Amino acid sequence: MKKYISLFLFMFVASATISMAQSDNISPARKQAIDSLALEKVKDLSKYISIIGSKETQFSEANRVMDRAEELFAPDAEMGVSSLNRKEIAYYKVRRYFERLMALNYDRVNITWYDIHYISDLERQPDGRYVGVITVYQRFEGTSLESGLNYRDTTKKDITIYVEKKQTQIAGRTIEFWDVMLGDIRVTETSA
C-alpha cells in the first residue's frame, strides 16, 4: 500500500511540474507574434544604424538614436566589425560600436541591411529563456571626397535573439509578457 501511495505522490508531483513547465511554453500564435516582434526590432536597428552612420545626422540626433538603439539589446551584447583589409573580426560593446560608426572618417556613409530572416527556430534554454538567430546582410559604402577613397563591402551577420517572460505592474496588477532582446551580432562572412 505504501508503494502505491508513493507512486501516486510521485505521479502527482511530476504532472504538476510538467503542467507548470508547460505554462511557460509558447503557443504557435504567440510564437508568430514574437517572431514578428524580433524581425521588427532587427529592422529598427537597421534604420538606427543608417541614421547613426550618416554624416548628415546632427550629433545630438545621433546620440538620441544611439540611446534608442541600445534599448533593443540585452546587457553586455557585442557587435562584430570586419573589413576586407584585415582577417580578424573585432567585437565592441553596443555603445562603443555606435560611437565608432559615428566617427568613421568618410564624407559619406551608406549602410543598408537586406535579406533579413530567421536561420534557427526559437529553442527553450534551461533558464526558461528562448534563443534564436536571425541573419542579415549588410552593405556598407564609405566615400571620402577629398582623397577619392571608396570602400565597399557586404557582410553576413548573425544576430542572437533572446525571448524571456517578464512582469510589469499596471494599475496595481502584475502582468506577465514575453519580451524580445537582441544579443550579440556575429560576423560570419565579408565580401566585396
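Just so you know, these numbers come straight off a predicted model, no measurement behind them. (Residues numbered from 1 in each chain as written. Predicted model: local features only at pLDDT ≥ 70, side-chain atom pairs only at ≥ 80, totals over all residues. Heavy atoms only, no water.)

*Asks:* Which residues make up the overall build of the protein chain, and what values do they have?
*Replies:* Helix and strand content of the protein chain: 4 helices and 6 strands. Across the protein chain, helices and strands are ordered from the amino to the carboxyl terminus as α-α-α-β-β-α-β-β-β-β. Residues classed as buried in the protein chain amount to 35% of the 192 residues present. Nonlocal contacts in the protein chain, meaning residues at least 24 apart in sequence, comprise 62% of its contacts between residues at least 6 apart. (Helix = DSSP H or I, 4+ residues; strand = E, 2+ residues; numbered from the N terminus. Buried < 20%, exposed > 50% of the residue type's maximum accessible area, 1.4 Å probe, protein only. Contact = heavy atoms within 4.5 Å.)

*Asks:* So what about the pairing of strand S3 (residues 108–124)? Which residues, and what values?
*Replies:* For S3 and strand S4 (residues 130–143), the ladder comprises 12 bridges, and the chain directions are antiparallel. Opposite Trp113, over in S4, you have Gln138 as the bridge partner. The turn linking S3 back onto S4 is made up of 5 residues, and Gly128 within it adopts a positive phi angle of 95 degrees. (Pairing = 2+ DSSP bridges.)

*Asks:* Account for the layout of surface pockets, naming residues and giving values.
*Replies:* Roughly 450 Å³ of volume is contained in the largest pocket. Lining the largest pocket are 20 residues, with Val81, Ser82, Arg86, Leu104 and Phe140 positioned closest to its centre. When its residues are assigned to classes, the lining of the largest pocket shows 10 nonpolar, 6 polar and 4 charged. (1 Å grid on protein atoms, 1.4 Å probe; cavity = no way out; pocket = protein on both sides within 12 Å on 5 of 7 lines; lining within 4 Å. Points joined across faces, edges and corners; volume = space filled by probe spheres on them. Nonpolar A, V, L, I, M, F, W, Y, C, P; charged D, E, K, R; others polar.)

*Asks:* Could you give me a rundown of helix H2 (residues 28–53), with the residues and numbers involved?
*Replies:* Between its first and last C-alpha atoms H2 spans 37 Å; for 26 residues at 1.5 Å apiece the expected length is 38 Å, and the two agree. Every buried residue belonging to H2 is among Ile34, Asp35, Ala38, Lys41, Val42, Leu45, Ser46, Tyr48, Ile49, Ile52 and Gly53, and all of these are buried. (Expected span 1.5 Å × (residues − 1).)

*Asks:* If you had to explain the packing of aromatic side chains to someone new, which residues and values would you point to?
*Replies:* Overall, the coordinates contain 5 aromatic pairs when judged by the stated rule. The residue whose ring lies beneath Arg186 is Tyr91, and the NZ or CZ to ring-centre distance is 4.3 Å. (Phe/Tyr/Trp six-rings, centres within 6.5 Å; stacked < 30°, edge-to-face > 60°. Lys NZ or Arg CZ within 6 Å of the ring centre and 35° of its normal.)

*Asks:* Explain unusual backbone geometry to me, and be specific about the residues and the numbers.
*Replies:* Across residues other than glycine, the phi torsion is negative in most instances, and most of the peptide bonds are trans. Positive phi, normally seen in glycine, also occurs at Asp76, with a value near 65 degrees. One non-glycine residue, Ala171, lies in positive phi territory at about 50 degrees. With respect to the helices and strands, the residue Ala171 is situated in the loop between strand S5 (150–170) and strand S6 (173–191).

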